[in-house]
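# Structural overview
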Amino acid sequence: MKKVFFVLSMLFIATITNAQDKFFTKTGKVSFDATATKSPENITGVNKSTTMVLDTKDGNMQFLILMKGFEFERALMQEHFHENYVETSKFPKADFKGSITNNATVNYTKDGVYNVAVKGKLTIHGVTKDVETTGKITVKGGKISAFANFSILLADYNVSIPSLVADKVAKNAKISVDCSLELLKR
Amino acid sequence: MKNTHYRFLALVTIVLFASLQIKAQDDLIGLVGEDKPKKELVKNAFKSTRVINGHSMEFLLPGTLDFRILHRFGQLDQGYKNFFGLDQASMRLGFDYGISNHLMLGVGRSTYKKELDGYIKFAPIRQSTGSKSFPVTIAAVAGMTMNTSDWSDPTIQNYYTSRLAYYFQTIIGRKFSEGISVQITPTMVHNNLVATSTMPNDVFSVGFGGRVKLSRRLAFTWDYFYLVTGKEKDVNHDPLSIGIDIETGGHVFQLHFSNSTGMNERAFLTETTNNWGKGEIRFGFNLSRVFQIKKNKKVD
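About the criteria used
- Residue positions within a chain follow its written sequence, with the count starting from 1.
- Working convention: letters from A go to chains and numbers from 1 go to ligands, in the order in which they are written.
- Whole-chain, interface and lining totals are the exception, using all residues; otherwise, since this is a predicted model, local features are given only for residues with pLDDT of at least 70 and side-chain atom pairs are given and counted only at 80 or more.
- As a convention, hydrogens and water are excluded, and side-chain values are obtained from all of the structure's heavy atoms.
- Per the convention used, a helix needs a DSSP run of H or I reaching at least four residues, while a strand needs a run of E reaching at least two, with both numbered from the N terminus.
- Based on C-alpha atoms, the radius of gyration is set beside the globule rule, defined as 2.2 Å times the residue count to the power 0.38.
- Residue burial is assigned from relative accessible area. The probe radius is 1.4 Å, only protein chains are included, and a residue is buried under 20% of its type maximum, exposed over 50%, and partly exposed in between.
- The contact criterion used is simple: two residues touch if any of their non-hydrogen atoms lie within 4.5 Å.
- Here the accessible surface of atoms and residues is derived via Shrake-Rupley with a 1.4 Å probe, and residues count as covered only by protein chains that are part of the display.
- Two strands are said to pair when DSSP picks up at least two bridges between them.
- Angular values range over 0 to 180 degrees, each being the angle between N-to-C directions of two axes fitted as lines to C-alpha atoms, with helices fitted over their stretch in contact.
- Salt-bridge detection follows one rule: a side-chain nitrogen of Lys or Arg within 4 Å of a carboxyl oxygen of Asp or Glu.
- In this description, a nonpolar core means a group of buried Ala, Val, Leu, Ile, Met, Phe, Trp, Tyr and Cys residues linked to one another through side-chain atoms lying within 4.5 Å.
- Patch definition: residues above 30% relative accessible area lacking any salt bridge, with like charges linked at up to 9 Å and the nonpolar side chains Val, Leu, Ile, Met, Phe, Trp and Tyr linked at up to 5 Å.
- Only Phe, Tyr and Trp rings take part, Trp by its six-membered ring, and two of them pair if their centres are within 6.5 Å. Stacked means planes under 30 degrees apart, edge-to-face means over 60, and tilted covers everything else.
- Lysine NZ or arginine CZ positioned within 6 Å of the ring centre and within 35 degrees of the ring normal marks a charge as sitting over the ring.
- The term polar contact refers here to a pair of N or O atoms within 3.5 Å; inside protein, the definition further demands a hydrogen-donor-capable atom paired with an acceptor-capable atom, and it admits residues adjacent in sequence only when both atoms are side-chain atoms.

Moving on: the overall build of chain B. Looking only at helices and strands, chain B features three helices and 14 strands. Against the compact-globule benchmark of 19 Å for 300 residues, chain B has a radius of gyration of 28 Å, which places it well outside the compact range. Dimensions along the principal axes, computed over C-alpha positions, put chain B at roughly 120 × 40 × 40 Å. In chain B, which comprises 300 residues, the share counted as buried stands at 43%. If you take every contact in chain B between residues at least 6 apart in sequence, the share linking residues at least 24 apart comes to 56%. Accessible surface computed for chain B: about 15,400 Å², of which carbon and sulfur atoms make up 64%.

A separate point is the overall build of chain A. Counting its secondary structure elements, chain A contains two helices and nine strands. When the helices and strands of chain A are placed in sequence order, the string is α-β-β-β-β-α-β-β-β-β-β. Per-residue burial for chain A yields a buried fraction of 49% across its 186 residues. Here the contacts in chain A between residues at least 6 apart in sequence split such that 59% fall between residues at least 24 apart. Approximately 9,700 Å² of chain A is accessible, and the part contributed by carbon and sulfur atoms is 57%.

We now examine the sheet that holds strand β2 (residues 64-75) of chain B. A barrel is described by the order of its strands in space; here twelve strands give the closed sequence β2-β3-β4-β5-β7-β8-β9-β10-β11-β12-β13-β14 (chain B), paired in antiparallel fashion. Averaged over all pairs of adjacent strands, the angle between strand axes in this sheet comes to 20°, irrespective of strand direction. Bridging between strand β12 (residues 240-247) of chain B and strand β13 (residues 251-258) of chain B involves seven bridges; their strand directions are antiparallel. Note on β13 of chain B: the bridge partner recorded for Glu 247 of chain B is Val 252 of chain B. Packed onto the sheet, helix α2 (residues 75-85) of chain A meets β2, β8 (164-175), β10 (202-215), β12 and β14 (282-292) of chain B and runs at close to 115° relative to β14 of chain B.

All right, on to the pairing of strand β6 (residues 112-124) of chain A then. All names here are of chain A. For strand β5 (residues 93-100) and β6, the ladder comprises six bridges, and the chain directions are antiparallel. The partner of Phe 96 across the bridge, within β6, is Leu 122. With 13 bridges connecting them, β6 and strand β7 (residues 127-140) associate as antiparallel partners. Bridging across to β7, Gly 112 finds its partner in Val 139. Hairpin geometry of β6 and β7 is characterised by an intervening segment of two residues between the two adjacent antiparallel strands and by a positive phi of about 55° at His 125.

Next up on the list: the pattern of salt bridges. Tallied over the entire structure, the rule returns 20 salt bridges over all chains. A salt bridge links Lys 213 of chain B to Glu 83 of chain A; its shortest N-O distance comes to 3.4 Å. Taken as a pair, Lys 213 of chain B in strand β10 and Glu 83 of chain A in helix α2 lie in two separate chains rather than in one. Residue classification places Glu 83 of chain A among the buried positions, given a relative accessible area of 13%. Residue Glu 58 of chain B pairs with Arg 126 of chain B through a salt bridge whose shortest N-O separation is 3.7 Å. Of the two residues, Glu 58 of chain B is situated in the loop between β1 (40-41) and β2 and Arg 126 of chain B in the loop between β5 (115-125) and β6 (128-129); the sequence distance between them amounts to 68 residues. One exposure class covers both Glu 58 of chain B and Arg 126 of chain B, and it is buried. Each of the salt bridges in this network shares a partner with another, and the network as a whole consists of Glu 83 of chain A together with Lys 175, Glu 178 and Lys 213 of chain B.

Glancing now at the nonpolar core. By size, the foremost hydrophobic cluster in this structure holds 48 residues, and its most contacted members are Phe 32, Leu 54 and Ile 137 of chain A. Broken down by element, the residue count for this core peaks at seven residues, all from strand β9 (residues 169-183) of chain A. Excluding residues that lie within four positions of it along the chain, Leu 54 of chain A makes contacts with Asp 21, Lys 22, Phe 23, Gly 59, Asn 60, Met 61, Ile 100, Tyr 108, Ile 137, Ile 144 and Leu 181 of chain A. Among the nonpolar cores identified, the runner-up in size contains 21 residues, and Leu 76 of chain A together with Ala 139, Phe 268 and Leu 269 of chain B belong to it.

With respect to burial, α2 of chain A is a largely interior element, eleven of its eleven residues being buried. Looking one or two places after α2 of chain A, you find Glu 87 of chain A, whose phi comes out positive at around 45°.

With that settled, the discussion passes to a nonpolar patch on the surface. Taken together, the side chains of Ile 184, Phe 204, Phe 208, Tyr 226 and Val 228 of chain B define a hydrophobic patch exposed on the protein surface, amounting to about 450 Å² of accessible area. Inspection of the secondary structure puts Val 228 of chain B in the loop between β11 (218-227) and β12.

Right, let's get into the packing of aromatic side chains. Under the definition given, this model contains 14 aromatic pairs over all chains. Between Phe 63 of chain A and Phe 96 of chain A the ring centres are 6.0 Å apart and the planes differ by 65°, which places this aromatic pair in the edge-to-face class. Here Phe 63 of chain A, found in strand β3 (residues 60-66), pairs with Phe 96 of chain A, found in strand β5; they are 33 residues apart in sequence, far enough to count as distant. Here the two residues Phe 63 of chain A and Phe 96 of chain A agree in accessibility, since each one is buried. Taken together, Phe 32, Phe 70, Phe 72 and Phe 81 of chain A form an aromatic cluster joined through their ring pairs. Positioned above the aromatic ring of Phe 59 of chain B, the side-chain terminus of Lys 121 of chain B is 4.8 Å from the ring centre. Here the guanidinium or amino end of Arg 217 of chain B rests over the ring plane of Tyr 85 of chain A, the centre of that ring lying 5.6 Å away.

Moving on: the environment of Gln 292 of chain B. Within the fold, Gln 292 of chain B resides in strand β14. For Gln 292 of chain B, a relative accessible area of 16% puts it in the buried group. As a C-alpha pair, Gln 292 of chain B and Leu 65 of chain B span 227 residues in sequence and 6.4 Å in three-dimensional space. Apart from the residues lying within four places of it in its own chain, the contact partners of Gln 292 of chain B are Glu 73, Arg 74, Ala 75 and Leu 76 of chain A together with Pro 62, Gly 63 and Thr 64 of chain B. At 2.7 Å, the side chain of Gln 292 of chain B and the backbone nitrogen of Ala 75 of chain A are in polar contact.

These figures capture arrangement, not role.
In structure tokens, the structure reads:
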């Protein structure tokens, strides 16, 4: 009888501590830069409503990006991005499902900057590809932030650039991620 | 007996929590939950703010200037002597500006009758999705034209107001899908001065315009106006234009065939005298180039 209560209470404690493991944001920043050397203007867009969830226990992470959230300085560029390149109405969501491969080296309870390696699957424009990159996790006063920079080949995701502007749009898009996470309470 | 009972309970609890755990790891995003979709305007029903001749349900993006060059050539049936009409060209230059997602205005000048025109276009309701969505765009256009050519008879008393004409239009349009957009546009044109006493000053018409997208950058368009009044037999005809829109990334080319030569509402609604049935068709094109005047400040 006592044993059972002990097991049960341990389980409850375990789930409570488990709840402290997950961190999230709904206002993560993902920017995109496809400026080529011959581009007449900077081709940069930013999405400030990215959802990210990080499980600090095992390093699993997921991103959900609503493509329509990408905004550009130039309205026409924004229109072309959504209408002609990533076809937002056809493929409204992009996501990333992966994990931190060296999660054991990150101490989420101690302030510091930790270099991490991330591996996972990125889906954009309906195409899923394996992606590997390095990034940083910073812990400061109990707050966790995640940063990463990597580059993707647009052709990999079936994003075609018309030959007329082929030298004005970079073939590789630089993606940078900047998320400040908070504790996920359930 | 009691003991096994508790053991069973403990086992069930363990399994329950374990399964919860597994589910959580599979779908981390699911833990956060998605927000309700916000209200979002349906855009790009047409590639341009004109279907071909008539206004479309589309608005310029706020802070953008559209420079438009329009050409209408002579009749195709004039043959090689006039190079199928290309020897004769009539044109209109215009600037349109987008003030907000619901308001835009424009000015232009046509070579025909040296006519100036200007309009203001306002949409109280635009087609939208998400919460408080609406299925159609409802817009209103008010415009004015001014003939600036010399008086045909300078010996008589001429009034400045005789140069003016007005038009009022309602646009009800819907983008049914990514590929298909259709609109209806009841229109009224008022001429202050008409050429003969039998011609009415007010001409009522209903426009039917649409677009079918053929590919990401190519669309088939049509623009037809049914003249309800003001159609003199064997003189006026319903203007019908059929064309394609080509988007090259920066420019929109609208190539079309039409029986009308006018490039403002007064001209193409009250002065279309050619007949498709008799092969009196002209080639024409609109070229649109959009410039960003005011940049979006929300982006770093």
